Amino acid sequence: MFEHEKDEIDTKAGFVAVVGRPNAGKSTLLNHVVGEKLAMVSKKAQATRKRMNIIVMHEDMYGKESQIIFVDTPGIHEKEKLLNKFMMDEVLKAIGDADLIVFLAPITDKLTEYEKFLKMSERKGTKHIVLLTKMDHVKQGDILKKLGEYQKYQDKFEAIIPFSVNKKIGKRQLLDEISKYLPQSPFLFDTEILTTDNIRDIYKELIRESIFENLSDEIPYESDVTIEKIDESDTLDKVYATIVVEKETQKGMIVGQKGVGIKRVGKLAREQMEIFSGKKIFLDLHVSVKKGWSKNRDSLEEFGYIV
Ligand SMILES: Nc1nc2c(ncn2[C@@H]2O[C@H](COP(=O)(O)OP(=O)(O)OP(=O)(O)O)[C@@H](O)[C@H]2O)c(=O)[nH]1
Ligand SMILES: [Mg+2]
(Lines give C-alpha, C1' and ligand atoms only; values in the text may rest on other atoms or scores of the structure.)
(Ligands and ions follow the chains in the order given, each with its own letter.)
Protein backbone atom coordinates (compact mmCIF):
# COMPACT_ATOMS: atom_id res chain seq x y z
CA MET A 1 0.00 0.00 0.00
CA PHE A 2 1.31 3.50 -0.86
CA GLU A 3 1.65 6.05 1.93
CA HIS A 4 -0.96 8.39 0.39
CA GLU A 5 -3.45 5.50 0.12
CA LYS A 6 -2.99 4.66 3.78
CA ASP A 7 -3.94 8.22 4.69
CA GLU A 8 -7.21 7.87 2.82
CA ILE A 9 -8.52 5.03 4.96
CA ASP A 10 -10.84 6.69 7.37
CA THR A 11 -12.22 3.60 9.06
CA LYS A 12 -10.97 1.16 11.66
CA ALA A 13 -11.44 -2.58 12.03
CA GLY A 14 -10.01 -5.34 14.15
CA PHE A 15 -10.44 -8.42 16.30
CA VAL A 16 -11.19 -8.08 19.99
CA ALA A 17 -10.84 -11.24 22.10
CA VAL A 18 -13.27 -11.35 25.03
CA VAL A 19 -11.78 -13.51 27.77
CA GLY A 20 -12.26 -14.29 31.45
CA ARG A 21 -13.18 -17.10 33.79
CA PRO A 22 -16.25 -19.30 33.15
CA ASN A 23 -19.51 -17.51 34.01
CA ALA A 24 -17.89 -14.05 33.98
CA GLY A 25 -20.58 -12.78 31.59
CA LYS A 26 -18.70 -12.82 28.25
CA SER A 27 -21.49 -14.19 26.05
CA THR A 28 -24.12 -12.05 27.79
CA LEU A 29 -22.01 -8.95 27.16
CA LEU A 30 -21.69 -9.74 23.46
CA ASN A 31 -25.40 -10.43 22.97
CA HIS A 32 -26.01 -7.10 24.69
CA VAL A 33 -23.61 -5.04 22.55
CA VAL A 34 -24.82 -6.57 19.28
CA GLY A 35 -28.46 -6.27 20.38
CA GLU A 36 -29.33 -9.85 19.35
CA LYS A 37 -29.33 -13.18 21.12
CA LEU A 38 -26.53 -14.93 19.20
CA ALA A 39 -24.29 -16.59 21.80
CA MET A 40 -25.53 -19.15 24.30
CA VAL A 41 -25.72 -18.01 27.92
CA SER A 42 -26.14 -20.05 31.08
CA LYS A 43 -26.19 -19.73 34.83
CA LYS A 44 -23.91 -22.77 34.76
CA ALA A 45 -20.20 -22.27 34.05
CA GLN A 46 -18.31 -23.52 30.97
CA ALA A 47 -21.21 -22.93 28.63
CA THR A 48 -19.24 -21.63 25.63
CA ARG A 49 -17.01 -24.25 24.00
CA LYS A 50 -15.91 -22.64 20.78
CA ARG A 51 -14.90 -19.21 19.51
CA MET A 52 -17.67 -17.14 17.95
CA ASN A 53 -17.27 -13.87 16.03
CA ILE A 54 -19.82 -11.19 16.87
CA ILE A 55 -19.57 -8.05 14.78
CA VAL A 56 -20.52 -4.57 15.96
CA MET A 57 -20.34 -1.35 13.93
CA HIS A 58 -19.56 1.66 16.11
CA GLU A 59 -19.24 5.38 15.44
CA ASP A 60 -16.97 7.04 17.97
CA MET A 61 -17.29 10.58 19.38
CA TYR A 62 -15.36 12.03 16.41
CA GLY A 63 -17.68 10.39 13.88
CA LYS A 64 -15.13 7.78 12.89
CA GLU A 65 -16.58 4.33 12.12
CA SER A 66 -15.12 1.10 13.46
CA GLN A 67 -15.96 -2.49 12.72
CA ILE A 68 -15.35 -4.34 15.96
CA ILE A 69 -15.09 -8.10 15.51
CA PHE A 70 -15.57 -9.46 19.01
CA VAL A 71 -14.44 -13.03 19.61
CA ASP A 72 -16.43 -14.81 22.32
CA THR A 73 -14.33 -17.51 23.98
CA PRO A 74 -14.74 -20.33 26.50
CA GLY A 75 -13.94 -19.45 30.12
CA ILE A 76 -10.32 -19.73 31.26
CA HIS A 77 -10.13 -22.92 33.32
CA GLU A 78 -7.96 -25.96 33.92
CA LYS A 79 -9.21 -29.48 33.36
CA GLU A 80 -7.59 -32.57 31.95
CA LYS A 81 -10.22 -33.75 29.49
CA LEU A 82 -9.46 -33.30 25.78
CA LEU A 83 -12.63 -31.21 25.33
CA ASN A 84 -11.41 -28.81 28.02
CA LYS A 85 -7.97 -28.63 26.41
CA PHE A 86 -9.66 -27.74 23.14
CA MET A 87 -11.60 -25.00 24.97
CA MET A 88 -8.40 -23.52 26.40
CA ASP A 89 -6.76 -23.69 22.97
CA GLU A 90 -9.65 -21.62 21.68
CA VAL A 91 -8.90 -18.95 24.28
CA LEU A 92 -5.20 -18.92 23.39
CA LYS A 93 -5.93 -18.70 19.66
CA ALA A 94 -8.32 -15.78 20.22
CA ILE A 95 -5.67 -14.00 22.30
CA GLY A 96 -3.01 -14.75 19.68
CA ASP A 97 -5.09 -13.31 16.81
CA ALA A 98 -6.44 -10.27 18.65
CA ASP A 99 -5.71 -6.59 18.02
CA LEU A 100 -7.04 -5.92 21.51
CA ILE A 101 -8.25 -8.02 24.44
CA VAL A 102 -11.15 -7.30 26.77
CA PHE A 103 -10.65 -9.12 30.07
CA LEU A 104 -13.90 -9.66 31.98
CA ALA A 105 -14.09 -10.16 35.71
CA PRO A 106 -17.23 -10.05 37.84
CA ILE A 107 -16.83 -7.14 40.24
CA THR A 108 -16.97 -9.45 43.26
CA ASP A 109 -13.95 -11.50 42.08
CA LYS A 110 -10.55 -11.33 43.74
CA LEU A 111 -7.68 -10.26 41.48
CA THR A 112 -6.23 -13.78 41.19
CA GLU A 113 -8.04 -14.49 37.89
CA TYR A 114 -6.67 -11.25 36.47
CA GLU A 115 -3.16 -12.12 37.60
CA LYS A 116 -3.50 -15.50 35.85
CA PHE A 117 -4.61 -13.71 32.69
CA LEU A 118 -1.62 -11.33 32.85
CA LYS A 119 0.74 -14.31 32.92
CA MET A 120 -1.07 -15.96 30.02
CA SER A 121 -1.09 -12.93 27.77
CA GLU A 122 2.08 -11.00 28.64
CA ARG A 123 4.38 -12.77 26.15
CA LYS A 124 2.61 -11.36 23.12
CA GLY A 125 2.00 -8.02 24.81
CA THR A 126 -1.36 -7.26 23.15
CA LYS A 127 -3.09 -4.31 24.82
CA HIS A 128 -6.11 -5.01 27.00
CA ILE A 129 -9.05 -3.36 28.74
CA VAL A 130 -10.45 -4.64 32.05
CA LEU A 131 -14.23 -4.84 32.23
CA LEU A 132 -15.74 -5.31 35.68
CA THR A 133 -19.02 -7.10 35.05
CA LYS A 134 -22.19 -7.59 37.08
CA MET A 135 -21.72 -4.27 38.90
CA ASP A 136 -25.44 -4.39 39.72
CA HIS A 137 -24.46 -6.99 42.33
CA VAL A 138 -22.63 -4.46 44.54
CA LYS A 139 -22.93 -0.96 46.04
CA GLN A 140 -21.17 2.17 44.73
CA GLY A 141 -18.62 2.02 47.55
CA ASP A 142 -17.62 -1.52 46.61
CA ILE A 143 -17.08 -0.46 43.01
CA LEU A 144 -14.65 2.26 44.10
CA LYS A 145 -12.88 -0.20 46.38
CA LYS A 146 -12.43 -2.71 43.55
CA LEU A 147 -11.19 0.01 41.17
CA GLY A 148 -8.66 0.88 43.89
CA GLU A 149 -7.43 -2.71 44.06
CA TYR A 150 -6.85 -2.79 40.30
CA GLN A 151 -4.75 0.39 40.46
CA LYS A 152 -1.83 -1.81 41.43
CA TYR A 153 -1.80 -2.94 37.80
CA GLN A 154 -2.58 0.39 36.17
CA ASP A 155 0.47 0.21 33.92
CA LYS A 156 -0.78 -3.11 32.52
CA PHE A 157 -4.25 -2.14 31.25
CA GLU A 158 -5.38 0.66 28.92
CA ALA A 159 -8.64 1.26 30.76
CA ILE A 160 -10.86 -0.21 33.44
CA ILE A 161 -14.64 0.02 33.02
CA PRO A 162 -17.43 -1.08 35.39
CA PHE A 163 -20.22 -2.70 33.41
CA SER A 164 -23.70 -4.08 33.92
CA VAL A 165 -25.91 -5.67 31.31
CA ASN A 166 -28.89 -5.60 33.67
CA LYS A 167 -28.56 -1.87 34.36
CA LYS A 168 -27.39 -1.08 30.82
CA ILE A 169 -24.26 0.69 32.07
CA GLY A 170 -20.92 0.90 30.29
CA LYS A 171 -21.69 -0.04 26.67
CA ARG A 172 -20.93 3.29 24.98
CA GLN A 173 -17.79 3.78 27.06
CA LEU A 174 -16.56 0.28 26.21
CA LEU A 175 -17.12 0.66 22.45
CA ASP A 176 -15.49 4.13 22.40
CA GLU A 177 -12.51 2.81 24.31
CA ILE A 178 -12.10 -0.25 22.05
CA SER A 179 -12.25 1.95 18.92
CA LYS A 180 -9.22 3.90 20.14
CA TYR A 181 -7.00 0.84 19.94
CA LEU A 182 -8.15 -0.67 16.64
CA PRO A 183 -5.93 -0.29 13.57
CA GLN A 184 -6.85 1.93 10.63
CA SER A 185 -8.33 -0.52 8.16
CA PRO A 186 -11.10 -0.97 5.65
CA PHE A 187 -14.00 -3.02 7.04
CA LEU A 188 -13.16 -6.72 7.03
CA PHE A 189 -16.72 -8.03 6.72
CA ASP A 190 -19.99 -6.90 5.17
CA THR A 191 -21.31 -4.17 7.48
CA GLU A 192 -24.74 -5.85 7.66
CA ILE A 193 -23.60 -9.15 9.16
CA LEU A 194 -23.66 -9.75 12.90
CA THR A 195 -21.76 -13.04 13.07
CA THR A 196 -19.63 -15.26 10.85
CA ASP A 197 -21.22 -18.33 12.42
CA ASN A 198 -23.75 -20.09 10.22
CA ILE A 199 -27.31 -21.07 11.09
CA ARG A 200 -26.19 -24.64 11.89
CA ASP A 201 -23.77 -23.43 14.58
CA ILE A 202 -26.38 -21.15 16.11
CA TYR A 203 -29.13 -23.81 16.20
CA LYS A 204 -26.65 -26.20 17.79
CA GLU A 205 -25.82 -23.67 20.51
CA LEU A 206 -29.51 -22.98 21.18
CA ILE A 207 -30.13 -26.69 21.75
CA ARG A 208 -27.06 -26.87 24.02
CA GLU A 209 -28.37 -23.84 25.91
CA SER A 210 -31.67 -25.64 26.51
CA ILE A 211 -29.77 -28.67 27.85
CA PHE A 212 -27.85 -26.38 30.24
CA GLU A 213 -31.14 -24.84 31.33
CA ASN A 214 -33.16 -28.02 31.76
CA LEU A 215 -30.68 -30.59 33.06
CA SER A 216 -28.39 -30.69 36.04
CA ASP A 217 -25.28 -32.40 37.41
CA GLU A 218 -22.84 -33.68 34.81
CA ILE A 219 -25.21 -33.91 31.84
CA PRO A 220 -24.61 -30.42 30.41
CA TYR A 221 -20.86 -31.09 30.50
CA GLU A 222 -21.02 -34.62 29.13
CA SER A 223 -23.35 -33.92 26.24
CA ASP A 224 -23.13 -32.22 22.90
CA VAL A 225 -25.32 -31.72 19.85
CA THR A 226 -24.97 -32.54 16.17
CA ILE A 227 -27.23 -30.99 13.60
CA GLU A 228 -27.81 -33.80 11.11
CA LYS A 229 -29.82 -31.87 8.53
CA ILE A 230 -31.74 -28.64 8.03
CA ASP A 231 -34.47 -28.38 5.39
CA GLU A 232 -34.87 -24.64 4.94
CA SER A 233 -37.78 -22.79 3.39
CA ASP A 234 -38.89 -19.16 3.61
CA THR A 235 -41.23 -19.70 6.52
CA LEU A 236 -40.21 -23.03 8.06
CA ASP A 237 -36.91 -24.71 9.00
CA LYS A 238 -37.02 -28.45 9.65
CA VAL A 239 -34.09 -29.25 11.92
CA TYR A 240 -32.94 -32.81 12.61
CA ALA A 241 -30.58 -32.98 15.58
CA THR A 242 -29.03 -35.53 17.93
CA ILE A 243 -28.01 -35.01 21.53
CA VAL A 244 -24.97 -37.16 22.24
CA VAL A 245 -24.21 -38.28 25.80
CA GLU A 246 -21.51 -40.37 27.44
CA LYS A 247 -23.67 -42.94 29.27
CA GLU A 248 -26.83 -44.95 28.83
CA THR A 249 -28.15 -43.64 32.19
CA GLN A 250 -27.75 -40.06 30.93
CA LYS A 251 -29.85 -40.90 27.87
CA GLY A 252 -32.62 -42.08 30.20
CA MET A 253 -32.37 -38.88 32.23
CA ILE A 254 -32.65 -36.66 29.17
CA VAL A 255 -35.56 -38.58 27.64
CA GLY A 256 -37.39 -38.77 30.99
CA GLN A 257 -40.61 -40.59 31.81
CA LYS A 258 -42.81 -40.92 28.73
CA GLY A 259 -40.41 -38.57 26.93
CA VAL A 260 -41.34 -35.48 28.98
CA GLY A 261 -37.66 -34.56 29.49
CA ILE A 262 -36.69 -34.42 25.86
CA LYS A 263 -39.95 -32.64 25.05
CA ARG A 264 -39.02 -29.92 27.52
CA VAL A 265 -35.50 -29.56 26.05
CA GLY A 266 -36.97 -29.47 22.54
CA LYS A 267 -39.64 -26.92 23.42
CA LEU A 268 -37.27 -24.28 24.81
CA ALA A 269 -34.76 -24.84 22.00
CA ARG A 270 -37.50 -24.53 19.39
CA GLU A 271 -38.86 -21.31 20.92
CA GLN A 272 -35.38 -19.76 20.91
CA MET A 273 -34.73 -20.93 17.34
CA GLU A 274 -38.01 -19.36 16.24
CA ILE A 275 -37.09 -16.04 17.87
CA PHE A 276 -33.69 -16.13 16.20
CA SER A 277 -34.82 -17.08 12.69
CA GLY A 278 -38.21 -15.40 12.58
CA LYS A 279 -39.54 -18.66 11.07
CA LYS A 280 -41.53 -21.62 12.35
CA ILE A 281 -39.27 -24.42 13.48
CA PHE A 282 -39.90 -28.14 13.31
CA LEU A 283 -37.35 -29.80 15.57
CA ASP A 284 -36.70 -33.54 15.40
CA LEU A 285 -34.54 -34.37 18.40
CA HIS A 286 -32.97 -37.72 19.32
CA VAL A 287 -30.52 -38.89 21.95
CA SER A 288 -27.64 -41.26 21.32
CA VAL A 289 -24.83 -42.62 23.49
CA LYS A 290 -21.18 -42.35 22.51
CA LYS A 291 -18.98 -43.47 25.36
CA GLY A 292 -15.93 -41.29 25.99
CA TRP A 293 -16.72 -38.74 23.23
CA SER A 294 -15.30 -35.82 25.22
CA LYS A 295 -11.93 -37.55 25.52
CA ASN A 296 -11.72 -38.82 21.98
CA ARG A 297 -10.10 -36.78 19.21
CA ASP A 298 -12.23 -38.18 16.36
CA SER A 299 -15.52 -37.65 18.19
CA LEU A 300 -14.54 -34.10 19.10
CA GLU A 301 -13.80 -33.41 15.46
CA GLU A 302 -17.27 -34.64 14.52
CA PHE A 303 -18.71 -31.98 16.84
CA GLY A 304 -16.57 -29.33 15.15
CA TYR A 305 -13.97 -29.16 17.93
CA ILE A 306 -10.67 -29.70 16.17
CA VAL A 307 -7.92 -30.27 18.71
N1 LIG B 1 -26.67 -9.62 37.50
C2 LIG B 1 -25.99 -9.76 36.36
N3 LIG B 1 -25.85 -10.99 35.83
C4 LIG B 1 -25.14 -11.12 34.67
C5 LIG B 1 -24.56 -9.99 34.02
N6 LIG B 1 -23.91 -10.44 32.93
C7 LIG B 1 -24.07 -11.79 32.90
N8 LIG B 1 -24.83 -12.21 33.94
C9 LIG B 1 -25.24 -13.61 34.25
O10 LIG B 1 -24.07 -14.41 34.44
C11 LIG B 1 -24.30 -15.75 34.01
C12 LIG B 1 -23.19 -16.20 33.08
O13 LIG B 1 -23.26 -15.49 31.89
P14 LIG B 1 -22.54 -15.98 30.54
O15 LIG B 1 -22.66 -14.84 29.59
O16 LIG B 1 -23.04 -17.32 30.10
O17 LIG B 1 -21.02 -16.11 31.04
P18 LIG B 1 -19.73 -16.56 30.17
O19 LIG B 1 -18.59 -15.73 30.65
O20 LIG B 1 -20.03 -16.50 28.72
O21 LIG B 1 -19.55 -18.07 30.66
P22 LIG B 1 -18.80 -19.31 29.91
O23 LIG B 1 -19.34 -19.39 28.51
O24 LIG B 1 -19.18 -20.46 30.75
O25 LIG B 1 -17.34 -19.03 29.95
C26 LIG B 1 -25.68 -15.75 33.36
O27 LIG B 1 -26.60 -16.29 34.29
C28 LIG B 1 -25.95 -14.29 33.08
O29 LIG B 1 -27.33 -13.97 33.09
C30 LIG B 1 -24.76 -8.69 34.59
O31 LIG B 1 -24.30 -7.65 34.12
N32 LIG B 1 -25.47 -8.64 35.76
MG1 LIG C 1 -19.98 -17.94 27.23
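Note that the structure is predicted; figures quoted are calculated from it, not measured.

What follows covers the overall build of the protein. Along its length, the protein carries 10 helices and nine strands. Here the C-alpha atoms of the protein give a radius of gyration of 21 Å, agreeing with the 19 Å that 2.2 N^0.38 yields for 307 residues. Principal-axis analysis of the C-alpha atoms places the extent of the protein at approximately 65 × 45 × 35 Å. In the protein, buried positions account for 50% of the 307 residues. Approximately 15400 Å² of the protein is accessible, and the part contributed by carbon and sulfur atoms is 50%. Seen as two clouds, the 50 positive and the 51 negative side-chain charges of the protein have centres 7 Å apart.

This brings us to the packing of aromatic side chains. Counted according to the given criterion, the structure contains 10 aromatic pairs. Taking 5.4 Å as the distance between ring centres and 55° as the angle between the ring planes, the aromatic pair formed by Phe-103 and Tyr-114 counts as tilted. Of this pair, Phe-103 sits in strand 4 (residues 100-106) while Tyr-114 is found in helix 4 (residues 112-121), placing the two residues 11 residues apart along the sequence. Taken together, the aromatic side chains of Phe-103, Tyr-114, Phe-117, Tyr-150 and Tyr-153 make up a single cluster linked through ring pairs. A cation over an aromatic ring shows up here: Lys-229 above the ring of Tyr-240, its NZ or CZ 4.8 Å from the ring centre.

Moving on to helix 2 (residues 26-34). Counting buried positions along helix 2 gives eight out of nine residues, so the element sits mostly inside the fold. Buried residues along helix 2 sit against strand 1 (12-20), strand 2 (52-59), strand 3 (65-72), strand 4, strand 5 (128-133) and helix 6 (171-180). Of the residues flanking the end of helix 2, it is Gly-35, one or two places downstream, whose phi is positive at about 75°.

Right, let's get into the sheet that holds strand 6 (residues 159-162). Strand order across the open sheet formed by six strands is 2-3-1-4-5-6, with mixed pairing between neighbours. On the outer flanks of this sheet lie strand 2 and strand 6, each paired with one strand and no other. With direction set aside, neighbouring strand axes in the sheet form an average angle of 25°. By the bridge criterion, five bridges tie strand 1 to strand 4 in an arrangement that is parallel. Counterpart to Gly-20 in the pairing with strand 4 is Leu-104.

Another aspect to go through is the pairing of strand 7 (residues 223-232). The sheet contact formed by strand 7 and strand 8 (residues 236-245) spans nine bridges and is antiparallel. Pairing of Glu-232 across the sheet is with Asp-237, part of strand 8. Turn length for the strand 7-strand 8 hairpin, with the two strands adjacent in sequence and antiparallel, is three residues.

For the rest of this paragraph, the subject is the site of ligand 1. For ligand 1, the set of nearby residues contains 21 residues, the closest of which are Lys-26, Thr-28, Gln-46, Ala-47 and Asp-136. Residue Asn-23 places a main-chain N or O atom 2.9 Å away from an oxygen atom belonging to ligand 1. The fraction of the free accessible surface of ligand 1 (660 Å²) that becomes covered by protein chains is 89%. Classifying every residue of the shell around ligand 1 by side-chain character gives six nonpolar, 11 polar and four charged.

The next thing to look at is the domain arrangement of the protein. Domain parsing of the protein yields domain 1 (3-180) and domain 2 (199-302). Here the C-alpha centroids of domain 1 and domain 2 sit 28 Å apart. With 16 residues of domain 1 at the contact, the number on the domain 2 side is 22 residues. Across the domain 1-domain 2 interface, the total number found is three salt bridges.

About the criteria used
- Numbering of residues starts from 1 in every chain and runs along the sequence as written.
- Lettering for chains starts from A, numbering for ligands starts from 1, and both go in the order in which the items are written.
- Reporting in this predicted model follows two pLDDT cut-offs: at least 70 for local features of residues, and 80 or more for side-chain atom pairs to be given and counted; totals over whole chains, interfaces and linings ignore these cut-offs and use all residues.
- Side-chain calculation: all heavy atoms of the structure are included, whereas hydrogens and water are not.
- Under the DSSP-based scheme used, a helix requires at least four consecutive residues in state H or I and a strand at least two consecutive residues in state E, with every element numbered from the N terminus.
- For a compact globule the rule gives 2.2 Å times the number of residues to the power 0.38, and the radius of gyration it is set against comes from C-alpha atoms.
- Each residue's exposure class comes from its accessible area (1.4 Å probe, protein chains only) as a fraction of the maximum for that residue type: buried when under 20%, exposed when over 50%, partly exposed otherwise.
- Surface exposure here means Shrake-Rupley accessible area, sampled with a 1.4 Å probe, where a residue is shielded only by the protein chains that are shown.
- Only four residue types enter the charge count: Lys and Arg as positive, Asp and Glu as negative, with His and the chain ends excluded.
- The location of each charge is read from NZ of Lys, CZ of Arg, CG of Asp or CD of Glu.
- By convention, a stacked pair of Phe, Tyr or Trp rings (six-membered ring in the case of Trp) has centres within 6.5 Å and planes under 30 degrees apart, an edge-to-face pair has planes over 60 apart, and any other such pair is tilted.
- Lysine and arginine charges are scored as sitting over a ring when NZ or CZ, respectively, is within 6 Å of the ring centre and within 35 degrees of the ring normal.
- Residues count as neighbours in contact if any of their non-hydrogen atoms are within 4.5 Å of one another.
- Any two strands with at least two DSSP bridges between them are considered paired.
- Inter-axis angles, ranging from 0 to 180 degrees, are taken between N-to-C directions of lines fitted to C-alpha atoms, where helices are fitted over the stretch in contact.
- The criterion for a residue being near a molecule or strand is simple. One of its heavy atoms has to lie within 4 Å of it.
- Think of a polar contact as two N or O atoms within 3.5 Å of one another; within protein, one of them needs to be a possible hydrogen donor and the other a possible acceptor, and neighboring residues in sequence only count if both atoms come from side chains.
- Note on residue classes: Ala, Val, Leu, Ile, Met, Phe, Trp, Tyr, Cys and Pro are nonpolar, Asp, Glu, Lys and Arg are charged, and everything else, Gly too, is polar.
- Where each domain begins and ends is defined by an automated method or by a domain database.
- Should a side-chain nitrogen of Lys or Arg be within 4 Å of a carboxyl oxygen of Asp or Glu, the pair is scored as a salt bridge.

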